[in-house]
Amino acid sequence: MSSQSWTGRARRATLEKFKPEDLLPEEQPAYVASWVYVFGVATIAALVMLIASGLVLTLNGPAWWHTSSVGHYVNSVHLWSVELFFVFMVVHLWGKFWMAAWRGRRLATWITGVVAFMASIMTAFTGYLIQTNFDSQWIASEAKDGFNSMGIGAYFNALNTGQAILLHVSLLPLALGGIVAWHIILVRRKGVVPPIDNDVTIEGSSK
Amino acid sequence: MQLALINLNHPAHYFSFGPFAISGGNLAIIIAMCVIFIAALFIPFPHSNNFSQDDKKEDRK
Ligand code: HEM
């Protein structure tokens, strides 16, 4: 009876693929005790600050963040969170590159990281476009020429502030959040990659 | 308006090497990232009980 129901099958398949002890482990292998492994979670922390400060900015709008002290403060928190987000992400990327962390069937983890990086760049770019100051005006008019010369001006017009706002506050952060969640679930499911000189598991798996 | 710690109200300073140019701000951030990366490799990580002593067991399918 229960074996026929789709809810039961979905539950068993989910628990089989996403084991709670994999997703929320209590212990990590000894080699993880290094600061290099902290930069992934530092990137998440910066992303949380980014989204929280961004939500406050959406409540009050440009007239507020350009003129009031609290607005300046929240705007600055948002900017410095981006700076830290990218610094942490780049150090994380370097760490994973030099430890070849795509070994042992972890290619999808690396690729979701690459996509997260590209989505972050697009999110930062559309953020620059919607500052509503001379900086954003200059960036938009220069970028418009760049996009036109690449032949994508018909799909993305950097001078269209409405489109840039919607991309920045809705589509891109949602896409980034989804890809980051996927990235982290992959890390948890596979376990942290063993160091290169300690790699007893590579045979038979993709290098 | 509040006083900024550093006066940013002027064009950026650029360092140029032949065809290559980079602004002072971007160069400073790249150097900071390199310093943080090297520091992360060498500064010892605080001891905790959350790490197993067995290096080899981990590698799930
Ligand atoms: C939004 C940006 C990102 C976030 C929030 C993020 C987060 C994380 C976290 C929390 C981990 C596990 C802890 C750690 O090892 O640091 C991790 C692992 C990993 N990340 Fe990222 N990451 C991001 C971007 C990237 C990028 C740009 C790359 C490379 C192109 C990348 C490649 C990897 C790989 C290969 C692993 C797995 C390492 C292993 O299995 O041992 N990530 N990431």
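Rules of the game
Along every chain, residues carry numbers that run from 1 in the direction the sequence is written. Chain labels run from A onward and ligand labels from 1 onward, assigned in the order the entries are written. Only residues with pLDDT of at least 70 are given local features in this predicted model, and only at 80 or more are side-chain atom pairs given and counted; all residues enter the totals for whole chains, interfaces and linings. With hydrogens and water set aside, each side-chain value is computed from the structure's full complement of heavy atoms. Scored between 0 and 100, pLDDT is the confidence that the predictor attaches to each residue. Strands are runs of DSSP state E lasting at least two residues, helices are runs of H or I lasting at least four, and both sets are numbered from the N terminus onward. Here, nonpolar core means buried Ala, Val, Leu, Ile, Met, Phe, Trp, Tyr and Cys residues that are tied together by side-chain atoms lying within 4.5 Å of each other. Residue burial is assigned from relative accessible area. The probe radius is 1.4 Å, only protein chains are included, and a residue is buried under 20% of its type maximum, exposed over 50%, and partly exposed in between. Throughout, a contact is declared for two residues whenever any of their heavy atoms are within 4.5 Å. In this text, near means that some heavy atom of the residue lies within 4 Å of the molecule or strand in question. We call two N or O atoms a polar contact when they sit within 3.5 Å, provided that within protein one can donate a hydrogen and the other can accept it, with sequence-adjacent residues counted only if both atoms are side-chain atoms. Residues are grouped as follows: Ala, Val, Leu, Ile, Met, Phe, Trp, Tyr, Cys and Pro are nonpolar; Asp, Glu, Lys and Arg are charged; all remaining types, including Gly, are polar. Segment limits for the domains were obtained from an automatic or database-derived domain assignment. Simply put, the buried area is the total loss of 1.4 Å probe accessible area from both parts when two parts are fitted together. Any Lys or Arg side-chain nitrogen located within 4 Å of an Asp or Glu carboxyl oxygen qualifies as a salt bridge. When the centres of two rings from Phe, Tyr and Trp lie within 6.5 Å, Trp using its six-membered ring, the rings pair. Their planes under 30 degrees apart give stacked, over 60 give edge-to-face, and anything left gives tilted. Charge-over-ring contacts are defined here by two conditions on Lys NZ or Arg CZ: a distance within 6 Å of the ring centre and an angle within 35 degrees of the ring normal. Each metal's donors are the N, O and S atoms within 2.8 Å of it, or within 3.2 Å when it is Na, K or Ca, and because water is not part of the set, sites may look incomplete. Geometry assignment treats four donors as tetrahedral when all angles are between 85 and 135 degrees, treats four as square planar and six as octahedral when opposite donors are over 155 degrees apart and all others between 65 and 115, and treats everything else as irregular.

**Things to note about the confidence of the model for chain B**
And then number 1: The predicted model of chain B has a mean per-residue pLDDT of 84, with 80% of residues at 70 or higher.
And then number 2: Taken element by element, the predicted model of chain B shows its lowest mean pLDDT in strand β1 (residues 14-17) of chain B (94) and its highest in helix α1 (residues 24-42) of chain B (96).

**Section: the nonpolar core**
Residue and element names in this part refer to chain A.
And then number 1: Judged by nonpolar contacts, F125, L129, I130, I139, A140, A143, F147, F156, A158, A164, L167 and L172 together constitute the single largest core of twelve residues.
And then number 2: Counting only elements with at least two residues in this core, the list comes to α6 (107-129), α7 (134-150) and α8 (161-190).
And then number 3: For this core, the leading source of residues is α7, giving four residues.
And then number 4: Residues within four places of A158 in sequence aside, it is in contact with L129, A140, A143, K144 and F147.
And then number 5: If you look at the next biggest cluster of nonpolar residues, it comprises eleven residues, including A46, F85, M89 and L176.

**A word on the site of the ligand**
Residues and elements named next belong to chain A.
And then number 1: Around the ligand, a shell composed of 24 residues is seen, among which G40, H92, K96, H183 and V193 lie nearest.
And then number 2: At 2.8 Å, a backbone N or O of V193 approaches an oxygen atom of the ligand.
And then number 3: Those elements that provide at least two residues to the shell around the ligand are α3 (39-60), α5 (69-98), α6 and α8.
And then number 4: Residues belonging to the shell around the ligand are distributed by class as follows: 15 nonpolar, seven polar and two charged.

**Digging into the environment of A100 of chain A**
All names here are of chain A.
And then number 1: With respect to the helices and strands, A100 occurs in the loop between α5 and α6.
And then number 2: For A100, a relative accessible area of 13% gives the class buried.
And then number 3: Through-space distance from the C-alpha of A100 to that of V192 is 12 Å; in sequence the pair is 92 residues apart.

**Let's talk about the domain arrangement of chain A**
Residue and element names in this part refer to chain A.
And then number 1: One can read the domain layout of chain A as domain 1 (34-98) and domain 2 (102-197).
And then number 2: Between the C-alpha centres of domain 1 and domain 2 there is a distance of 14 Å.
And then number 3: Between domain 1 and domain 2 lies a buried interface of about 1200 Å² when both sides are counted; carbon and sulfur atoms form 76% of it.
And then number 4: On the surface where domain 1 and domain 2 come into contact, there are zero salt bridges.
And then number 5: On the surface where domain 1 and domain 2 come into contact, there are two residue pairs in polar contact (both at pLDDT 80 or more).

**Some thoughts on the packing of aromatic side chains**
Residues and elements named next belong to chain A.
And then number 1: What the rule picks out here adds up to 13 aromatic pairs over all chains.
And then number 2: Taken together, a centroid distance of 4.8 Å and an interplanar angle of 75° make the contact between W102 and W110 edge-to-face.
And then number 3: Of the residues examined, W102 reaches a relative accessible area of 22% and is grouped as partly exposed.
And then number 4: For the pair F125 and F147, a centre-to-centre distance of 5.7 Å together with 80° between the ring planes defines the contact as edge-to-face. With F125 in helix α6 and F147 in helix α7, this pair connects stretches of sequence that are 22 residues apart. As far as burial versus exposure is concerned, F125 and F147 are alike and both buried.
And then number 5: Among the aromatic residues, those joined into a ring-pair cluster are F97, W98, W102 and W110.
And then number 6: Geometry around F18 places R189 over its ring, the cationic atom sitting 5.4 Å from the centre.

**Considerations on the coordination of the iron atom of the ligand**
Residues and elements named next belong to chain A.
And then number 1: All of the protein donors around the iron atom of the ligand are H92 (NE2) and H183 (NE2); their distances to the metal are 2.0 Å.
And then number 2: Classification of the site at the iron atom of the ligand rests on its six donor atoms, whose angles at the metal span 85 to 179°, yielding the label octahedral. Here H92, found in helix α5, pairs with H183, found in helix α8; they are 91 residues apart in sequence, far enough to count as distant.
And then number 3: You can call H92 buried: its relative accessible area is 19%.
And then number 4: Overall, the relative accessible area of 18% leaves H183 in the buried class.

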